[in-house]
Amino acid sequence: MRGLQLPLSQTQRIRLQRALEKLQSLSCKANSDASVTVADTIPVNYEDAFLKGHGTTDLNGDLVATVCGVVERINKLVYVRALRARYKPEVGDIVVGRVVEVSQKRWRLEINFSLDAILMLSSMNMPDGIQRRRTALDELNMRGIFEENDVVCAEVRNFQHDGSLQLQARSQKYGKLEKGQLLIVDPYLVKKSKQHFHHLEQFGIDLVLGRNGFIWVGEHVEARDSMVVDQANSSEQSMVPEEKNKTHTPLEMRQNICRIANAVRVLSTLGFSIDADLILETVELSSTVKIDIHDMLGSEFHVLVAEREAERRSLVGKRKR
Amino acid sequence: MKPIQAANGFSFRVGFSGYSGHLRVEPLYTEERDNPIKSLPDFVLPPAFPTETPESIEEHIKEKYLLPRLDEDAFSPEKAGKQWDFDWFARAKIPLEPSMPRAIMVPVWELPFRRCKEGSTEGKWEPNSTQVDVSDIIVGGETRGSFPRASNGAANDIVRGSINNRPFRPGGLEDQSLERIFPYGASNGEWVREVLNGGPAQTIPPGFKQGLKLGDLMSHPCSWNVYKDQSAPDDTSVGNLSELSVQFDDLFKKAWEEDVVELDKDESDSVKSEAEANQVDVLNTLDTGSSALDEILSVEAEKVDNGRDKGGQQQKEAWAVSGGSEWIADQFYELVPDMAIEFPFELDTFQKEAIYYLEKGESVFVAAHTSAGKTVVAEYAFALASKHCTRAVYTAPIKTISNQKYRDFCGKFDVGLLTGDVSLRPEASCLIMTTEILRSMLYRGADIIRDIEWVIFDEVHYVNDVERGVVWEEVIIMLPRHINIILLSATVPNTIEFADWIGRTKQKKIRVTGTTKRPVPLEHCLFYSGELYKICEREDFIPQGLKAAKDAYKKKNSSATSGGTGSYSGSSTVQDGARGQKREPFNRGKQNKHSGPQTFGNYTGTGWGNQSNGGGQNSWGSRRTTWLMLIDKLSKKSLLPVVIFGFSKNQCDKSADSISGTDLTSSSEKSEIRVFCDKAFSRLKGSDRNLPQVVRVQNLLYRGIGVHHAGLLPIVKEVVEMLFCRGVIKVLFSTETFAMGVNAPARTVVFDTLRKFDGKEFRPVLPGEYTQMAGRAGRRGLDKIGTVIVMCRDEIPEESDLKHVITGTPTKLESQFRLTYIMILHLLRVEELKVEDMLKRSFAEFHAQKKLPEQQQLLLRKLAQPKKTIECIKGEPAIEEYYEMHTEAEEHSEQIIKAVMQSSVAKQYLTPGRVVVVKSQSAQDHLLGVVLKSPPANNKPYIVLLLKPDVPSMTQSPSDRSNLQDKKGADFHQGYVLLPKSKRGLEEDYRISAGPRKGSGIINITLPHRGAAAGVTFEVREAENTEFLCICNSKIKLDLPGLLEFVSNPAFSHTVQQLLKLKSNGNKYPPALDPLKDLKLKDMDLIKAYDKWTHLLQKMSENKCHECIKLEEHIKLAKEIKKHKEEVNALQFELSNEALQQMPEFQGRIDILKEIGYIDEDLVVQIKGRVACEMNSGEELICTECLFENQLDDLEPEEAVALMSAFVFQQKNTSEPSLTSKLSQAKQRLYDTAIRLGNLQAEFKLPITPEEYAQENLKFGLVEVVYEWAKGTPFADICELTDVPEGLIVRTIVRLDETCREFKTAAAIMGNSSLYKKMESASNAIKRDIVFAASLYITGV
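Residues numbered from 1 in each chain as written. Chains lettered and ligands numbered in written order. Predicted model: local features only at pLDDT ≥ 70, side-chain atom pairs only at ≥ 80, totals over all residues. Heavy atoms only, no water.

For the rest of this paragraph, the subject is the overall build of chain A. A count of helices and strands for chain A gives 7 helices and 16 strands. A separation threshold of at least 6 residues defines the contact pool for chain A, and within that pool the share at least 24 residues apart is 64%. When the accessible surface of chain A is summed, it comes to about 15200 Å², and 50% of that surface belongs to carbon and sulfur atoms. (Helix = DSSP H or I, 4+ residues; strand = E, 2+ residues; numbered from the N terminus. Contact = heavy atoms within 4.5 Å. Areas by Shrake-Rupley, 256 points an atom, 1.4 Å probe, with all protein chains shown as cover.)

In structure tokens:
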């Protein structure tokens, strides 16, 4: 596995080693030649007409990978899915980003893609399916909606012909994220699934797994209305006192946020793919072994999580067989 | 310096700005006058103002900007009445014009290593700012492509959308979260009160986070009482004043109290109408000579009121609103004073209505006959869109209509055209497209959809089309909410229903208008042996005409028996036939006089030559004469031009060829045709110009004869259509295609036959089809009447058939909704629209869904019912369990009894004297009785004597009795049922042998006989053996003659006493015969059931409820609870998605998609699914599999495209193409794939047979043709290769180009460049010459 930078004691090292080996043995059976680096030859059956897809090229009659990653085969299509690269957006992905610039009718968001993503004011939301009127007032109010350094979650709408990316936030669930932590993990750890928004009810916490590897852990908000009301003025008026009341987040909530965030950190360091169930399991583990929040990043907990995961996967594997 | 008006006389007006109804104060400056004194310098300055102090300045500012006061002028009472009848909130929503700052300050980006370190604190970079002209930024933005609309490279994407786009949210989805949120102030009237009373001043300027602190502002005392009556002239009596005064405050309060929750529009409506109503009231009471305007206003206000009320009621019932709008036509010009487009003719009523609703921005459904003028509505929508600077989309079912409409509208509007193969001016404000294009635009979320205001669906009845009808439904479901819909349809019986569906799906009211009137009335005739018999005129059937025709037929047939062939040209034809023949040459001569002597000779030559030909084929010869006769007749009656509908391409061709000898055109017309044809065909390449079809049709055209069917080359078809529209074609042989859409009316329409082949079988023409085709008769403005003729050759059709087809109701609009993989995949891509939603909204589900609210209410009511709980005295209530067992036991016992009673063994026991228990009306209270006489035959009833429960009067109705006795009897019964088995043995002794039979056995007793004996009432009646509940093991002695013959009371009382004795043994009934032991039943099932039953009884007795005294009560309760629960469950099922008709199929399809890896376990669309989304033209699964199996890899581009033709070609039976070995190998491979997929689908229980599936979706008929074409063979040569008509070849190849494009995109998704290139070159290879010749409609001739 990749070099974990953890100060491990002798026993811990052995335990971790064992857990990782176990994991490896479980995954290796599936496809032994799965991962390739650049210029690795991908073994294919040449009699059978194969189809070379993304991340591959033909070099002296051999099929050669052009990126590091995992070989995927679908029927006769062979392509390489890159790992550890920057985020490669697909339309419909839910991403979390940070506003880096407020400009004319649009915000620029950093989303770990090679270019900044653009969130147009016009694709903010369409209450009623009616297009947001592009008025001067609206433009002036843009900063009232998102400012620089705000964390925003949105959906990938489309690509421009030049490769830049457009986002949209045309639904109530998208929008500004407040009172929480933003974690950055490797994008490949977040798999596309049906649900990227999770409300962890037992903690009262919202978890947004951005496909770009930005993960948001924050206090649960009922409906993010404040940003979508058309009338910035009136809403602001009503918002101001509300906000003042709400700035205080209880300590317990903060602790919960930290605990979940640390669970995510642990998982990402270990390189496990991140989903809500796994995070919850890790959090539970941490509370059952009564480990302090700040100790969660320690090596002992890492080892524990790795062992636990190895056990779980072997169980799942057995059940499948 | 000029003296300024003193502050106390400061005048200003109050305006509203922004959304929230903020006050804006505009000072009104007094006019400057050219006064010489003013120009004089002021030497002495009198202190015009008091000296200014900070306080006074603040005071002044406050006075000026913060304390609104009404401007006397702007809010004068004279204006007040009118001031309020605009829509407040619509006004308030009008956006401000974007005020573009000329320059703005922007931070300057510096590369990190260039940033100067020393200037900043803690290493934080503080960017410098520069002033930048705004336009620079915008232009820069454009070139960077981050402006969505200006992205020049993807111009096509704007219109067509891209697969990467997200679809728009369809309208009518009732998702709460997306509903428009009105600020609190808007819905409770706060805003207006603020305006009226002066609310708290706003201290925060828009766009700022913090505002200016002005300290506590004092409230402004201004209140706004406007007295309406002042608007009246001066002669108002003072006495009226108080009662007429209306306070606006109250007005609004009232309005809001009425409908706080109603939507914005309704709100304003109500305000408006109320205001109007008030005004009208005022005007009326004051009786100030009513002007025209007042009248209109009053009428309108009333109507609005009425309409609103009606709407309120109807909203619950129907989304489709029809009728109630007769007044529109009368006052049309007042209601729509400023029409978006003027029509040169007076509009029809339904057109006026439709236009009025369009102006109001409502959706409209217009149902009218062909040529009634539906297009006017479409045109008006176009005009409105142009006026509003939005867009309108017109969709037509077939490409020909789109092309023709494009040409029609071209001159009038800014029109663009989008079909599968052409894309013309896609940026135009009015777009014409096929429905499929619109669908893909919706799925792809094309940006242009934002701008669309109107979508016009022409020929909506096409929704009935089996293959493509689903597209309409999909589109209607997918349309976003801001789009208004116009539906144009032929008259169908269930317009309202369909409109209602649309309205419900879109949550919009649909106005239904239309007409059944034809602008040109029709006259239906039969044509038989040269005569026309009128059978129907203006919807009235004329039986006499038919009779006359029948008489003629009879006459002819009877004479024909003497040796005639029966055909027209028979030797002994009736006189009119002979006359007709005589007339023929005469007429020819006459015609040729018209056409001039030159053609005469020409004509005769060909004519005779042809006739000799006709002699060869006898049937065609006779047909030919019929045609000639018909044409002759029509031309004599000047009923030309005529469209003759046949129902097959071949027939049309042959008919046309058979009369090619005839010449119907004048020389000037001939030259016109020639010039036109030359021009049109000049765009073809040399060899194509001499294609046999082109030459043949051209020759026909010169004579005024046309052919029109799908087998024609598109260009030829268009030439025919256009020439027909010019009126130079006199006779047009056509198939049904001509009836659809193409607006080319004729004077007369002829039906060759009233039977057609619909792909499966010959069937009579449907009324709807007949109407559609007959609608081509009668040109508006040219003809007074349109003639429809039905040809009769061999026999006269029956009256009922004719009546049905002519006056019958057309086919209903029915849903052809079906799930396709592509639809599922598209919908899975989108999170907010689920497939279930789509299913729910389909027209097929409409009726079920319509009932949902009621059911929902029912369910709520059911759920809200207080839950009855059973209070068990023994603590833990086990009654549910007990009840379960109880019901089960009952079921079993019933089963057993049924079997027992029908068995022959039972019959042996059912002899006179046998004690039985008979079912009575009430379930619990069964009657003890004794069999008096058993029937000789098996199915005759027994005669039994029954003990009636002791009831005081015998006249009581059975139901009453049972009610009275219910409880008691039930108790007993329970005891009986639960009788433990062990007790049964005790009463064995009661078996008494049958009494000796005396007497004759005659029955003197009248049945039913009722009486009383031993204090108990009894009844003697007949009973079926199914009525017996059980046969008891005891018998009693009977005095049968005494009972039945003499009806002696002692005999009865004796019997009754005996029975009562049985009863008195503690139980109500004596023990029953054991089915196993006594009756010796051997049936396995029965024994099993019996065992179960006894087992259950035992278990029940173990249950602690068994002994409970409240058992009966509780059982009843449990029954109720159970029933309630079942009802609730059933309702919940109805309401759930599982109740949808297509749900099982949907699940199956989802499973298949999972199985072959298009979606994963969590229904996330995978790469294969994304590729499949692109496949619109062929079967998506086969195409995708073909791609992923790389079947095109070893093929050359030409071969690949040839193979792909199998996806798009549609004709079934063709000549077998001869293929190269490589191609046939590839063909086999593709076929195998399809079979495999078919097998898979069959496995998942979809109604598919693999072979059929493969043959349905892969038609290899044109593989060779396309291969040759792609290799560059001229068109004339490839036509030789197959028997497929030229038109179909062209159509297939055009569609193939589309497929190539889709495969290209798929290759890009897969990341395979070689396939991409291959498809590109394939597409180039087929794009040439006649196949891709541009439409005449588009380019013009």
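Following the structure, the description resumes.
What follows deals with the overall build of chain B. Secondary structure summary: chain B contains 52 helices and 29 strands in total. Burial statistics for chain B: of 1341 residues in total, 51% are counted as buried. For chain B, the proportion of contacts with a sequence separation of at least 24, taken over those separated by at least 6, is 74%. Looking at chain B as shown, the accessible area adds up to about 64700 Å², and 52% of this sits on carbon and sulfur atoms. (Buried < 20%, exposed > 50% of the residue type's maximum accessible area, 1.4 Å probe, protein only.)

Bringing a negative patch on the surface into the picture now. Where like charges cluster on the molecular surface, the negative patch consists of Glu467(B), Glu1251(B), Glu1252(B) and Glu1256(B). Mapped onto the elements of the fold, Glu467(B) is located in the loop between β11 (452–457) and α19 (469–478). (Patch = residues over 30% accessible without salt bridge, like charges linked within 9 Å, V, L, I, M, F, W, Y side chains within 5 Å. Salt bridge = Lys/Arg side-chain N within 4 Å of Asp/Glu carboxyl O. Lys, Arg positive; Asp, Glu negative; His and termini not counted. Charge placed at Lys NZ, Arg CZ, Asp CG, Glu CD.)

All names here are of chain B. On average, residues of chain B score 69 in pLDDT, and 58% of them are at 70 or above. Low pLDDT (under 50) marks residues 175–181, which in the prediction has 14 contacts with non-local residues, meaning those over four places away or in another chain. This model gives residues 226–248 a pLDDT under 50, and the stretch forms 29 contacts once residues within four places in sequence are excluded. On the interface metric, ipTM, the complex scores 0.71, and its pTM is 0.62. (pLDDT = per-residue confidence, 0-100.)

Looking now at the packing of helix α45 (residues 1197–1208) of chain B against helix α50 (residues 1286–1310) of chain B. Residues and elements named next belong to chain B. The geometry of α45 relative to α50 is characterised by a closest axis approach of 9 Å and an angle of 105° between their N-to-C directions. Taken together, α45 and α50 sit at an angle that is classed as roughly perpendicular. Counted together, Val1201, Met1204, Ser1205, Phe1207 and Val1208 of α45 and Thr1292, Arg1295, Leu1296, Thr1299, Cys1300 and Phe1303 of α50 form the full contact between these two elements. Each residue belonging to the contact of α45 with α50 can be placed in one class, and the counts come to 7 nonpolar, 3 polar and 1 charged. (Axes fitted to C-alpha atoms, helices over the stretch in contact; angles between N-to-C directions. Parallel < 35°, antiparallel > 145°, perpendicular 65-115°, else oblique. Nonpolar A, V, L, I, M, F, W, Y, C, P; charged D, E, K, R; others polar.)

Right, let's talk about the pattern of salt bridges for a bit. Taken as a whole, this structure holds 28 salt bridges over all chains when the rule is applied. Of the charged contacts in the structure, one is a salt bridge between Arg143(A) and Glu148(A), with a shortest N-O distance of 2.8 Å. Of the residues examined, Arg143(A) reaches a relative accessible area of 38% and is grouped as partly exposed. Arg726(B) is the partner of Glu672(B) in a salt bridge, and the nearest nitrogen-oxygen pair spans 3.6 Å. On the criterion of sequence distance, the pair formed by Glu672(B) in helix α26 (residues 667–681) and Arg726(B) in helix α29 (residues 714–726) is long-range, its members being 54 residues apart.

This next bit is on the pairing of strand β23 (residues 786–792) of chain B. Residue and element names in this part refer to chain B. The buried count for β23 comes to 7 of 7 residues, which makes it a mostly enclosed element. Both faces of β23 are covered, namely the face carrying Gly786, Val788, Val790 and Cys792 and the face carrying Thr787, Ile789 and Met791. Bridging between strand β14 (residues 522–528) and β23 involves 7 bridges; their strand directions are parallel. Among the inter-strand pairings, tyrosine 528 is bridged to a residue of β23, identified as cysteine 792. Here 4 bridges tie strand β20 (residues 748–751) to β23, and the two strands are oriented parallel to one another. Looking at β23, one finds that valine 750 is bridged to isoleucine 789. (Pairing = 2+ DSSP bridges.)

Now for helix α46 (residues 1221–1243) of chain B. Residues and elements named next belong to chain B. For α46, built from 23 residues, the straight-helix expectation of 33 Å at 1.5 Å per residue is met to within 8% by its first-to-last C-alpha distance of 33 Å. Among the structural elements, α32 (821–829), α42 (1143–1155), α44 (1180–1188), α45, α47 (1250–1257) and α48 (1263–1271) are those in contact with the buried residues of α46. Positioned one or two residues after α46, lysine 1245 has a phi angle of 65°, which is positive. (Expected span 1.5 Å × (residues − 1).)

What follows deals with the state of the cysteines. For the coordinates displayed, the defined rule picks out 0 disulfides over all chains. Not engaged in a disulfide, the cysteine Cys1186(B) finds its nearest cysteine sulfur in Cys1183(B); these two sulfurs lie 7.0 Å apart. (Disulfide = S-S within 2.5 Å.)

Before going further, it helps to examine the side chain of Thr495(B). Residue and element names in this part refer to chain B. Position of threonine 495 among the secondary structure elements: in helix α20 (residues 495–506). Residue threonine 495 is classed as buried on the basis of its relative accessible area, which comes to 12%. Apart from the residues lying within four places of it in its own chain, the contact partners of threonine 495 are Phe365 and Ala367.

The next point concerns the sheet that holds strand β5 (residues 69–74) of chain A. All names here are of chain A. The mixed open sheet is built from 4 strands, whose spatial order is β1-β5-β6-β2. Edge positions in the sheet fall to β1 (35–36) and β2 (51–52), since each of these pairs with one other strand and no more. Where β2 and strand β6 (residues 77–82) come together, 2 bridges link them in parallel fashion. Across the sheet, leucine 51 pairs through a bridge with leucine 77, a residue of β6.

Residue and element names in this part refer to chain B. Taken together, 8 strands build an open sheet; the order of strands is β16-β15-β14-β23-β20-β17-β19-β18 and the sheet is mixed. Of all the strands in the sheet, the pair left with one neighbour each is β16 (540–541) and β18 (705–708). Where β14 and strand β15 (residues 531–537) come together, 6 bridges link them in antiparallel fashion. Paired with tyrosine 528 across the two strands is glutamate 531, which belongs to β15.

All names here are of chain B. In the contact formed by α32 and helix α43 (residues 1167–1174), the axes pass within 9 Å of each other and the chain directions differ by 120°. If you check the angle between α32 and α43, you find them oblique. Crossing of α32 against α43: the hand is left-handed. In this structure, α32 uses Ile822, Leu825, His826 and Arg829 to contact α43, whose residues at the interface are Gly1169, Ala1172 and Cys1173. Counted by class, the contact of α32 with α43 contains 4 nonpolar, 2 polar and 1 charged residues. (Left-handed = near helix turned anticlockwise from the far one by under 90°.)

So, about unusual backbone geometry. Residues and elements named next belong to chain A. Its identity is not glycine, yet asparagine 149 carries a phi of approximately 70°, on the positive side. Structurally, the position occupied by asparagine 149 is in the loop between α3 (142–145) and β10 (151–159). Even without being glycine, lysine 290 reaches a positive phi, approximately 55°. If you trace the backbone, lysine 290 turns up in the loop between α6 (276–288) and α7 (299–320). Taking the relative accessible area as the measure of exposure, lysine 290 reaches 73% and is therefore exposed.

All names here are of chain B. The biggest cluster of nonpolar side chains holds 188 residues, and the ones touching the most others in it are Phe457, Phe498 and Phe1275. In this view, phenylalanine 457 contacts Thr395, Leu438, Trp472, Val475, Ile476, Leu479, Ile485, Ile486, Leu487 and Leu488; residues no more than four positions away in its chain are not counted. Counting residues in each nonpolar core, the second largest holds 43 residues, with Val376, Ala385, Cys430 and Ile432 among its members. (Core = buried A, V, L, I, M, F, W, Y, C linked by side-chain atoms within 4.5 Å.)

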